Amino acid sequence: MSTRETTDRLSRQRTRLVPRGPYNSTPLFAETAFGAVVKDVEGRSFIDFAGGIGTMNVGHSHPKVVAAIRDQAEKYTHTCFHVVMYGPYLELADRICRLTPGNYDKMALWLNSGAEAVENAVKAARYFTGRPAVIALDHAFHGRTLLGMSLTAKVRPYKRGFGPFAPEVYRIPAPYCYRCSLGLEYPGCSTACAEALSLFLKTQLSAEDTAAFIAEPVLGEGGFIVPPKDYFQKVASICRENGIVFIADEIQSGFGRTGRMFALEHFEAEPDLITVAKSLAAGMPLSGVIGRKEILDAPHVGGLGGTFSGNPVSLRAALAVLDIFEEEDLLARARILGQRLRERFDEWAERYQIIGQVRGLGPMIGLELVKNRGTKEPAVEETARVVRLALEKGLILISCGTFGNVVRTLVPLVVSDEQLEQGLAVMEEAIAEADREAG
Ligand SMILES: Cc1ncc(COP(=O)(O)O)c(C=O)c1O
C-alpha cells in the first residue's frame with residue numbers, strides 16, 4: 001500500500017538526483033493514468049485538465065494506442081530510418097499530408113520533440129530560400145533548444161542566463177488584443193499588428209534576408225492568445241509576396257485542441273510548413289514538419305534526420321491517434337467541450353472580477369486573471385493560488401502567460417461529462433476563493 005511516505009521518498013530522490021531545471025507544476029508522482037484521470041502513488045485520483053501539457057487529446061493510455069505500441073514493440077522498436085526503413089513512417093506521412101491545411105504537394109519529416117521540429121522547419125526554410133533570418137512574435141514559445149529559446153519571447157524561465165542566443169532572430173508585436181502593444185482596438189485597428197510585418201520588412205530587415213516567419217495559430221505558453229480572424233491571411237499574404245516561408249507552429253494547438261484538426265483552419269490561411277508534436281502520438285515522443293514538397297525536399301541528402309527521428313513505436317501510436325479521431329469523432333466532441341467550457345467561463349467572468357478575459361478556440365481556453373479590470377494588473381500570485389487550490393481539491397490545472405496570470409484548459413477530449421463537471425466545480429471553487437481574497 002502506497003502512502004504519503006512513498007511521495008516523500010520519491011521527492012527526496014528527485015531533489016537529490018535530478019537538477020532543479022526541469023520544473024514540476026505539481027508534487028505528484030503518477031501510478032496510473034486513464035482517460036482524463038491520473039492516480040498518484042498514494043492512490044489519490046485527480047481529474048486532469050493539463051493533459052501532459054496538451055499531449056493527451058485522446059486521453060491517457062487509450063486502449064488503441066496501448067495496443068499499437070505493444071504490437072509494434074513485439075515486431076521491432078528501432079532500426080533507425082537512416083539504416084533500415086519501415087512502413088509506419090510513410091503511412092503516417094501519407095495520412096498527415098492529407099489532413100494538414102494547404103492545397104499543394106506535401107511531404108512530411110518525422111522527429112522527436114517539438115523544439116526539434118521547429119529547428120528543422122527553420123533549417124528547411126533557410127536552405128530553400130538561401131536566406132538567414134527568422135521573424136517570430138512577442139509572447140511566442142517555440143521550445144528550449146538554442147534556436148527554440150531564441151525564438152521564444154519569455155525571459156523567465158526560458159532565456160535568462162542561457163545566452164548568447166542564436167543569431168538572425170527578429171521579433172514583431174503579437175496579435176494580443178487584450179494588451180495591444182500598439183494601443184489599438186480590434187476591429188478599428190484594421191489588424192495593424194499584421195501590417196507590422198510589412199513595416200518591419202521596410203524599416204528593420206530586408207525581405208531578401210528573411211527565410212521564415214513563424215507563429216503559433218493560438219499562442220500557447222504566451223497566454224492562450226487568439227489572433228483576430230483576418231490576422232493569418234494578412235501575414236501569409238505578406239510572406240507570399242516576399243518569398244518568406246510561413247511556418248505555423250501547431251505543436252500545442254493541433255490535433256483537435258481548438259475543435260478543428262489544426263487551429264489555422266479557423267483562420268482560413270495557408271501555411272507553407274506546419275510543426276506538430278504533443279498530442280500527435282499521445283505522449284510518445286514524436287514530432288514532425290509537414291508542408292510544401294519543394295521546401296522540405298530542398299536540403300541535401302543527410303542534412304535532415306537523426307538517430308531516433310521517427311521512431312516506429314511512436315509512429316504506430318500516432319497512427320492509432322488518427323484512427324481514434326475518426327472512430328470516436330473526437331473533433332465533434334472537442335467542439336461540444338469548447339462550447340460547454342466557454343459558456344461556463346463566460347458565466348464566471350460575470351461573477352468573478354478577477355477574470356479579466358476569457359479567450360480561446362474550441363476547448364483551448366484561457367482565463368486571464370487580473371487584480372483590477374481597469375488597470376489589467378496581472379494577478380500572478382492569485383493565479384498560482386488557483387492552481388494550488390485546485391490540486392488540493394483533486395484537479396490538475398496549469399497556468400501560462402508571459403505574466404504568469406492565465407489559467408489554461410488542456411483537458412483530454414475523451415473526458416466524460418461527469419468528470420468535466422467535477423473538474424469545473426473544483427475550478428470554480430478555486431477561482432471564487434482567489435476572487436474573494438483579491439477583492
Ligand atoms: C507552440 C510550441 N512550440 C514548441 C514547443 C516545444 O515542444 P517540446 O517541449 O516538445 O520541445 C511547445 C511546447 O510546449 C509549444 O507549445
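Preceding block: the structure.
For the structure given in this document, a descriptive report is provided here. Owing to the predicted nature of the structure, the values given are computational and were not obtained by experimental measurement.

Cut-offs used in this document
- Residues numbered from 1 in each chain as written.
- Predicted model: local features only at pLDDT ≥ 70, side-chain atom pairs only at ≥ 80, totals over all residues.
- Heavy atoms only, no water.
- Helix = DSSP H or I, 4+ residues; strand = E, 2+ residues; numbered from the N terminus.
- Rg over C-alpha atoms; globule rule 2.2 N^0.38 Å.
- Buried < 20%, exposed > 50% of the residue type's maximum accessible area, 1.4 Å probe, protein only.
- Contact = heavy atoms within 4.5 Å.
- Areas by Shrake-Rupley, 256 points an atom, 1.4 Å probe, with all protein chains shown as cover.
- Lys, Arg positive; Asp, Glu negative; His and termini not counted.
- Charge placed at Lys NZ, Arg CZ, Asp CG, Glu CD.
- Near = heavy atom within 4 Å.
- Polar contact = N/O pair within 3.5 Å; in protein donor to acceptor, adjacent residues only side chain to side chain.
- Pairing = 2+ DSSP bridges.
- Axes fitted to C-alpha atoms, helices over the stretch in contact; angles between N-to-C directions.
- Right-handed = clockwise from strand over helix to strand, strands pointing away.
- Salt bridge = Lys/Arg side-chain N within 4 Å of Asp/Glu carboxyl O.
- Arc of directions from axis to C-beta.
- Phe/Tyr/Trp six-rings, centres within 6.5 Å; stacked < 30°, edge-to-face > 60°.

Observations concerning the overall build of the chain
Thinking step 1. Helix and strand counts for the chain come out as 14 helices and 15 strands.
Thinking step 2. Since a compact globule built from 439 residues should have a radius of gyration of about 22 Å, the 21 Å found for the chain is in line with a globular shape.
Thinking step 3. With the C-alpha coordinates of the chain rotated into their principal frame, the extents come out at 60 × 55 × 45 Å.
Thinking step 4. Evaluated residue by residue, the chain yields a buried proportion of 56% over its 439 residues.
Thinking step 5. Across the chain, contacts joining residues at least 24 apart in sequence account for 72% of those joining residues at least 6 apart.
Thinking step 6. Accessible area of the chain: about 18,900 Å², with a carbon and sulfur share of 53%.
Thinking step 7. Both charge centroids of the chain, one from 49 positive and one from 53 negative side chains, sit 4 Å from each other.

A word on the site of the ligand
Thinking step 1. Lining the immediate environment of the ligand, one finds Ser-113, Gly-114, Ala-115, Phe-141, His-142, Gly-143, Glu-216, Asp-249, Ile-251, Gln-252 and Lys-278.
Thinking step 2. Asp-249 is positioned such that a nitrogen or oxygen atom in its side chain is 2.7 Å from a nitrogen atom of the ligand.
Thinking step 3. Here an oxygen atom of the ligand and a side-chain polar atom of Lys-278 are 3.0 Å apart.
Thinking step 4. Contact with the protein chains covers 82% of the free accessible surface of the ligand, which is 390 Å².

A look at unusual backbone geometry
Note on backbone geometry: most residues besides glycine have negative phi, and most peptide bonds are trans.
Thinking step 1. Look at the link from Arg-156 to Pro-157: it is a cis peptide, with omega at 10°.
Thinking step 2. A cis amide bond, omega 5°, links Gly-163 with the succeeding residue Pro-164.
Thinking step 3. Within the element layout of this structure, Pro-164 appears in the loop between helix 7 (155-158) and strand 6 (169-172).
Thinking step 4. Backbone geometry places Glu-168, a non-glycine residue, at a positive phi of 65°.
Thinking step 5. Take Glu-168: it is sitting in the loop between helix 7 and strand 6.
Thinking step 6. You can call Glu-168 partly exposed: its relative accessible area is 30%.

Examining the sheet that holds strand 8 (residues 245-249)
Thinking step 1. Taken together, the 7 strands give an open sheet; going across it, the order is 4-10-9-8-7-5-6, and neighbouring strands pair in mixed fashion. Lying at the two open borders of the sheet, with one neighbouring strand each, are strand 4 (106-111) and strand 6. Averaged over all adjacent pairs, the angle separating strand axes in this sheet is 20°, with direction ignored.
Thinking step 2. Judged from the 3 bridges that link them, strand 5 (residues 133-137) and strand 7 (residues 210-215) form a sheet pairing that is parallel. Paired with Ile-135 across the two strands is Phe-213, which belongs to strand 7.

Some thoughts on the pairing of strand 8
Thinking step 1. Counting buried residues in strand 8 gives 5 out of 5 residues, a clear majority hidden from the surface.
Thinking step 2. For strand 7 and strand 8, the ladder comprises 4 bridges, and the chain directions are parallel. Bridging from a neighbouring strand, Ala-212 pairs with Val-245 of strand 8.
Thinking step 3. Handedness of the crossover joining strand 7 and strand 8 through helix 9 (residues 231-241) is recorded here as right-handed.
Thinking step 4. Sheet topology places strand 8 next to strand 9 (residues 273-276); 3 bridges connect them, and they run parallel. Each residue of the ladder has a partner; that of Ile-247, found in strand 9, is Leu-273.

A short note on the side chain of Ser-150
Thinking step 1. Along the chain, Ser-150 falls in helix 6 (residues 146-151).
Thinking step 2. From its side chain, Ser-150 meets the backbone nitrogen of Ala-166 in a polar contact 2.8 Å long.
Thinking step 3. Discounting chain neighbours no more than four positions away, the residues touching Ser-150 are Thr-145, Lys-159, Phe-165, Ala-166, Val-169 and Arg-171.

Quick notes on the pattern of salt bridges
Thinking step 1. On inspection of all chains with the given rule, the structure shows 29 salt bridges.
Thinking step 2. Residues Asp-71 and Arg-316 are paired through a salt bridge, measuring 3.0 Å at the closest nitrogen-oxygen approach. One end of the pair, Asp-71, is in helix 3 (residues 63-75); the other, Arg-316, is in helix 11 (residues 312-327), and 245 residues separate them in sequence.
Thinking step 3. Through salt bridges with shared partners, a single ionic network connects Asp-40, Glu-42 and Arg-44.

Notes on helix 9
Thinking step 1. For helix 9, every residue scored as buried is listed here: Tyr-231, Phe-232, Val-235, Ala-236, Ile-238 and Cys-239. Axial view of helix 9: buried residues confined to an arc of 160°, hence all on one face. Structural note: helix 9 exposes Arg-240 and Glu-241 on the side pointing more than 90 degrees away from its buried face.
Thinking step 2. Contact partners of the buried residues in helix 9: strand 5, strand 6, helix 8 (192-203), strand 7 and strand 8.
Thinking step 3. Remark: Gly-243 follows helix 9 within two positions and exhibits a positive phi of approximately 65°.

A look at the packing of aromatic side chains
Thinking step 1. Counted according to the given criterion, the structure contains 12 aromatic pairs.
Thinking step 2. Taking the centre distance of 5.1 Å and the plane angle of 50° together, the rings of Phe-345 and Trp-348 count as tilted. With Phe-345 and Trp-348 both in helix 12 (residues 330-351) and 3 residues apart, the pair spans about one turn of that helix.
Thinking step 3. With a relative accessible area of 0%, Phe-345 lands in the buried category.

A word on the pairing of strand 2 (residues 37-40)
Thinking step 1. Here strand 2 shows a buried face lined by Val-38 and Asp-40 and an unburied face lined by Val-37 and Lys-39.
Thinking step 2. Strand direction decides the pairing type here: strand 1 (residues 30-34) and strand 2, joined by 4 bridges, are antiparallel. In the sheet register, Phe-34 faces strand 2, and the bridge partner there is Val-37.
Thinking step 3. Linking two consecutive strands that pair antiparallel, namely strand 1 and strand 2, is a turn of 2 residues; a positive phi of about 60° is found at Gly-35 within it.
Thinking step 4. Judged from the 3 bridges that link them, strand 2 and strand 3 (residues 45-48) form a sheet pairing that is antiparallel.

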